[in-house]
Amino acid sequence: MKEDSLASKVYIELRRKILSNQLIAGTRLKEDVWAKKMEVSRMAVREALTRLLGEKLIVLGEKSGYFVKSMNADDIREIRELREILELGALRLAFQKNDKESIQKLEEICNDFTAMAQRGYLGGAMEADIKFHETLIHAAYNEKLKDAYQGSNIPLFHQKLGTTQTHMNDYEQTDMEHRKIVEALKKNDLTLAETTLSKHLSRGEISSLD
């Protein structure tokens, strides 16, 4: 595999783990460790880290080294506001498109999320959570919106300003809210879907700061 393809492979993996908070704020990303883990060269890892640095998902430490970027209360608030703008907009478009296949995909992701959380595989549950919201964006069938969402590198709220949330209450609540949004899509109840999504995002913000 070409070096640029290997770098892209590392970038995708690290980005996914950062956005799903499997790599929490402050975590150091060592070139040699990830080169061994991903079975690639250190050059490929360095290229991936440089790309993540440019996208402001990681930062350089005071004495060199790459670290997952920390978030403060203002960051959390701005993320919630951005998610509301993009995801509520996507939800309205999804209702207009009324694509049954997208609704089915969302339901399947809910089932994956439930299974992962019940088995205690929280990393997998977080990735399913990311996938749910990305699929909601895709259900709008608007490429510009999809590009804006992806380019914003929006993380989940499974982080309490530097630590992962491992308690199950949050996952059970998330599962219930996701399924309520899917049911609202099925019933063509836009008001219920919008209300549920807004509460879902606000709860995530409060939970992260609590």
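Below is a summary of the structure that appears in this document. (Residues numbered from 1 in each chain as written. Predicted model: local features only at pLDDT ≥ 70, side-chain atom pairs only at ≥ 80, totals over all residues. Heavy atoms only, no water.)

1. Section: the overall build of the protein
Step number 1: When helices and strands are counted, the protein shows nine helices and three strands.
Step number 2: Walking the protein from its N terminus toward its C terminus, one meets helices and strands in the order α-β-α-α-β-β-α-α-α-α-α-α.
Step number 3: For 210 residues, the compact-globule estimate of 2.2 N^0.38 gives 17 Å, and the protein sits close to it at 18 Å.
Step number 4: Across its three principal axes, the protein shows a C-alpha extent of roughly 55 × 40 × 35 Å.
Step number 5: For the protein, the proportion of its 210 residues judged to be buried stands at 47%.
Step number 6: Accessible area of the protein: about 11,100 Å², with a carbon and sulfur share of 50%.
Step number 7: Charge centroids of the protein, computed over 33 positive and 34 negative side chains, lie 3 Å from each other. (Helix = DSSP H or I, 4+ residues; strand = E, 2+ residues; numbered from the N terminus. Rg over C-alpha atoms; globule rule 2.2 N^0.38 Å. Buried < 20%, exposed > 50% of the residue type's maximum accessible area, 1.4 Å probe, protein only. Areas by Shrake-Rupley, 256 points an atom, 1.4 Å probe, with all protein chains shown as cover. Lys, Arg positive; Asp, Glu negative; His and termini not counted. Charge placed at Lys NZ, Arg CZ, Asp CG, Glu CD.)

2. Notes on unusual backbone geometry
Step number 1: Phi is positive for Glu39, close to 60 degrees, though the residue is something other than glycine.
Step number 2: In this model, Asn188 sits at a positive phi of 60 degrees, which is unusual for a non-glycine residue.

3. Comments concerning the nonpolar core
Step number 1: Core analysis: the largest hydrophobic core is formed by 47 residues, its most contacted members being Ile18, Leu29, Leu49, Leu52 and Leu91.
Step number 2: Discounting chain neighbours no more than four positions away, the residues touching Leu29 are Ile18, Leu23, Trp34, Leu49, Ile58, Tyr66 and Val68.
Step number 3: By size, the runner-up hydrophobic cluster in this structure holds ten residues, among which are Met71, Ile79, Tyr149 and Ile154. (Core = buried A, V, L, I, M, F, W, Y, C linked by side-chain atoms within 4.5 Å. Contact = heavy atoms within 4.5 Å.)

4. Re helix H3 (residues 42-54)
Step number 1: Here H3 is 13 residues long and its end C-alpha atoms lie 18 Å apart, about the 18 Å a rise of 1.5 Å per residue gives.
Step number 2: Once H3 ends, the next one or two residues include Lys56, with phi positive near 65 degrees. (Expected span 1.5 Å × (residues − 1).)

5. Re the side chain of Asp175
Step number 1: Structurally, the position occupied by Asp175 is in helix H8 (residues 168-186).
Step number 2: Owing to a relative accessible area of 13%, Asp175 belongs among the buried residues under this scheme.
Step number 3: For Asp175, the residues in contact, after removing those within four places along its chain, are Cys110, Phe113 and Thr114.

6. Overview of the environment of Asn153
Step number 1: Tracing the backbone shows Asn153 in the loop between helix H7 (143-151) and H8.
Step number 2: On the basis of relative accessibility, which here comes to 8%, the residue Asn153 falls in the buried class.
Step number 3: Each C-alpha atom, one on Asn153 and one on Val182, is 24 Å from the other, the two residues being 29 residues apart in sequence.
Step number 4: When neighbours within four sequence positions are excluded, Asn153 is seen to be in contact with Arg15, Leu19, Glu55 and Leu57.
Step number 5: In terms of polar contacts, Asn153 uses its side chain to reach the side chain of Arg15, at 2.8 Å.
Step number 6: Of the polar contacts made by the side chain of Asn153, one reaches the side chain of Glu55; its length is 3.2 Å. (Polar contact = N/O pair within 3.5 Å; in protein donor to acceptor, adjacent residues only side chain to side chain.)

7. Quick word on the packing of helix H4 (residues 73-97) against H7
Step number 1: The N-to-C vectors of H4 and H7 enclose an angle of 150 degrees; their axes lie 11 Å apart at closest approach. By the angle class used here, H4 and H7 are roughly antiparallel. The crossing of H4 and H7 is left-handed. For the pair formed by H4 and H7, the contact residues are Arg83, Leu86, Glu87, Ala90 and Leu93 on the first element and Leu145, Ala148 and Tyr149 on the second.
Step number 2: In the contact of H4 with H7, the residues fall into six nonpolar, no polar and two charged. (Axes fitted to C-alpha atoms, helices over the stretch in contact; angles between N-to-C directions. Parallel < 35°, antiparallel > 145°, perpendicular 65-115°, else oblique. Left-handed = near helix turned anticlockwise from the far one by under 90°. Nonpolar A, V, L, I, M, F, W, Y, C, P; charged D, E, K, R; others polar.)

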